[in-house]
Every structure is written in structure tokens, then in C-alpha cells.
Amino acid sequence: MPKLINAGQSPFGWHRYQSFMQCPQKYAYSYIINPKREPSLPLALGSLVHVGLAHHYKIIQHRQLGTEHDLYSPLEAISEVVRFENQDVFREAEAKAYRIINFYQEKHCDEEEKWDILGVEDVITLWCGKAPMTMRADLLFRSRKTGKIHFMDHKTTSRFTKSHPKFYAMSGQFVAYRIAGQNFYGDQWGSLVLNVIEHKALKKPPYFRVFRPVLPDVTPIMGKFSASIEEVWNQMRKAHRSGKPPHTWTVRPTEFTCFHRYGACDHYDRCQLGLKK
């Protein structure tokens, strides 16, 4: 039976730390009380495109290495995720994910000659003192032109703007990628690249566009990152060991935590009503 690549969150990644930093109650609802939640349509589409791209690049890697594989094709992988999730939101996103992957494979068919694919959705661990942070790197490749090694992270968006690189550059997820790249590859390390697929801006063919911005430097933040993450790790351990019921953990109610650019927090109603589940 063909295999499906896991393109989901890593075991203990940045999103857990971020959730706790934003609000311990949000973290408790998300990862202890109610870890399985139905995603929004944009999130479902992003998940399907991620798995399609994972299979696209992993198959290229096998071709470059001259090895056989038993992977689903990119479109078959999308269908398999839809079947497995068995939710309307994934079925609604399926056709668009197909079109995006078909467009992407046609547009970037020459990458196999430009890059050596080194890793696809591999989990790596960065230690911040005693605090582990796992990362599932979407793509790791070496440029044949420069010899430099780069991380690439896939994103889907309805509209790409010049603010995207600035928005993501200071995210702990990408600060951690930079540190890992420098630690693991030294002088061979190149950069951190976003692979942004815009899927709503164009009203006529090809309907989609791809942008590849390199994230700007954040060296001063990198110097503070490890200690900051270890501090949050200790706070998380303290909360887990407190014996307090998760629905009574500390709240940090702000207009940025409870209601953000994507709408209300997933747990807005639970907090408002004081629900245990």
C-alpha cells in the first residue's frame, strides 16, 4: 500500500510555546482538554497543499538519489488526507488543492535541475537549554549554483503582500529555523525562504502565483531566543505539575489573544462560559 508523508505539526513545536505565551488557558484547551478541533477552510486548504508539496519534493528526491519509493502521487496524497480526515471542510478544499498542485508542478518543473533535495518534512530538534523545540522542516535543499543549504517553508495565502516577510521574520518558528540552520550547517547555511502560494488575488488564469521571499535578518532576537524559550518551558512544566484543573489555568485576555486577524480564538466561547471541555 502506498505511503502518506506526515506533513502536520511536529511533536513539541513552536505552536505549543506560542499558545502558552499567548494564554495558558488557550494552551490548556488546545493541547490538553480539546486537542482535536475542526480546522477552518483556509487551514484545511493549507494542510492539503502542504501534503501535496511534500510528496512532490520527496518523489524528486528519490529520483535524484536513484532510489525506488512507495509514495502516493501528490494528488493521490491529497485525496488520502481528505478520506482520512472525513470532514466537510477538507472535502470543500480538495478541488482547489488539486488545481494549486497541478499549477505548481507545471510552473516549477525545472527545480530538479537547480536544487539537491536534502530533506522533506523531517523532524529536527533544537535544544534551548533544557527546553526541547521540535520542527518539521517542509523542505531542505542545496542550491547547485551556490552550494548553500536553505530551509523552505510552504505557505498559502489569499493575497501576498510586502509585509509577509516582515510578519514571519520575528516568529519564533522561523527564529528557531535560523538557529538550527546555523548550528547544523555552519558555513554551508544559506537562508530561510518562504514558498508563498497566493490563491485568490487573480481572477483569470493561471489564478495562482508563487512568491519566494527570503526572510530578513533578526540576529539580535536570535541571541535572546534560547533563554526565552527555556523560561516558557519552565512555566509550562510548573502549570502541568500544579494539580489545577486545566480549565482553571491562568488567562491573558487581550484584544490580540481573544480576537485576532483570523477572527475569534477557537476557545472564545469556552472561556466566556467557563466550560470544562
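The notes below deal with the structure included here. If you're wondering where the values come from, they're calculated on a predicted model, not measured in any experiment.

**Here's the deal with the pairing of strand 4 (residues 189-198)**
Here is step 1: Across the 10 residues that make up strand 4, a large majority, nine, are buried.
Here is step 2: Bridge analysis of strand 4 against strand 5 (residues 209-211) gives three bridges, and the strand direction is antiparallel. Opposite I197, over in strand 5, you have V210 as the bridge partner.

**Let's talk about the pattern of salt bridges**
Here is step 1: One pass over the structure, following the stated rule, counts nine salt bridges.
Here is step 2: Across the pair K114 and D110 runs a salt bridge whose closest N-O atoms are separated by 2.9 Å.
Here is step 3: Note on D110: relative accessible area 33%, which makes it partly exposed.

**Description of the nonpolar core**
Here is step 1: Counting residues in hydrophobic clusters, the biggest one holds 38 residues, and the most contacted among them are Y17, F151, F225 and I229.
Here is step 2: Counting residues per element, this core draws most heavily on helix 9 (residues 219-241), which supplies seven residues.
Here is step 3: The next biggest cluster of nonpolar side chains, apart from the first, holds 35 residues, and it includes A54, Y57, I60 and V82.

**So, the packing of aromatic side chains**
Here is step 1: Across all of its chains, the model carries 18 aromatic pairs by this definition.
Here is step 2: On the basis of an interplanar angle of 80 degrees and a centroid distance of 5.5 Å, the ring pair of F20 and Y27 is categorised as edge-to-face.
Here is step 3: Residue Y27 is classed as buried on the basis of its relative accessible area, which comes to 2%.
Here is step 4: Ring geometry for F167 versus Y168: centroids 4.9 Å apart, planes at 85 degrees, classification edge-to-face.
Here is step 5: Classification of Y168 by relative accessible area gives buried; the value is 13%.
Here is step 6: An aromatic cluster is built from F151, F167, Y168, F174, Y177 and W189, whose rings are joined through pairwise contacts.

**Overview of the sheet that holds strand 2 (residues 131-143)**
Here is step 1: Spatial strand order, 1-2-3-4-5: five strands in an open sheet with mixed pairing. Two strands lie at the open edges of the sheet, namely strand 1 (115-128) and strand 5, each paired on one side alone. Pairwise comparison of adjacent strand axes, ignoring direction, gives a mean angle of 35 degrees for this sheet.
Here is step 2: Two elements, strand 2 and strand 3 (residues 149-157), share four bridges in a ladder whose sense is antiparallel. Bridge pairing in strand 3 links R142 to I149.
Here is step 3: Contacting strand 1 and strand 2, helix 9 runs over the sheet at an angle of about 140 degrees to strand 2.

**Re the pairing of strand 1**
Here is step 1: Sheet topology places strand 1 next to strand 2; 12 bridges connect them, and they run antiparallel. Pairing of I124 across the sheet is with M135, part of strand 2.
Here is step 2: In sequence, strand 1 turns back onto strand 2 through a hairpin of two residues, with G129 there showing a positive phi of about 65 degrees.

Cut-offs applied
Residues numbered from 1 in each chain as written. Predicted model: local features only at pLDDT ≥ 70, side-chain atom pairs only at ≥ 80, totals over all residues. Heavy atoms only, no water. Buried < 20%, exposed > 50% of the residue type's maximum accessible area, 1.4 Å probe, protein only. Helix = DSSP H or I, 4+ residues; strand = E, 2+ residues; numbered from the N terminus. Pairing = 2+ DSSP bridges. Salt bridge = Lys/Arg side-chain N within 4 Å of Asp/Glu carboxyl O. Core = buried A, V, L, I, M, F, W, Y, C linked by side-chain atoms within 4.5 Å. Phe/Tyr/Trp six-rings, centres within 6.5 Å; stacked < 30°, edge-to-face > 60°. Axes fitted to C-alpha atoms, helices over the stretch in contact; angles between N-to-C directions. Contact = heavy atoms within 4.5 Å.

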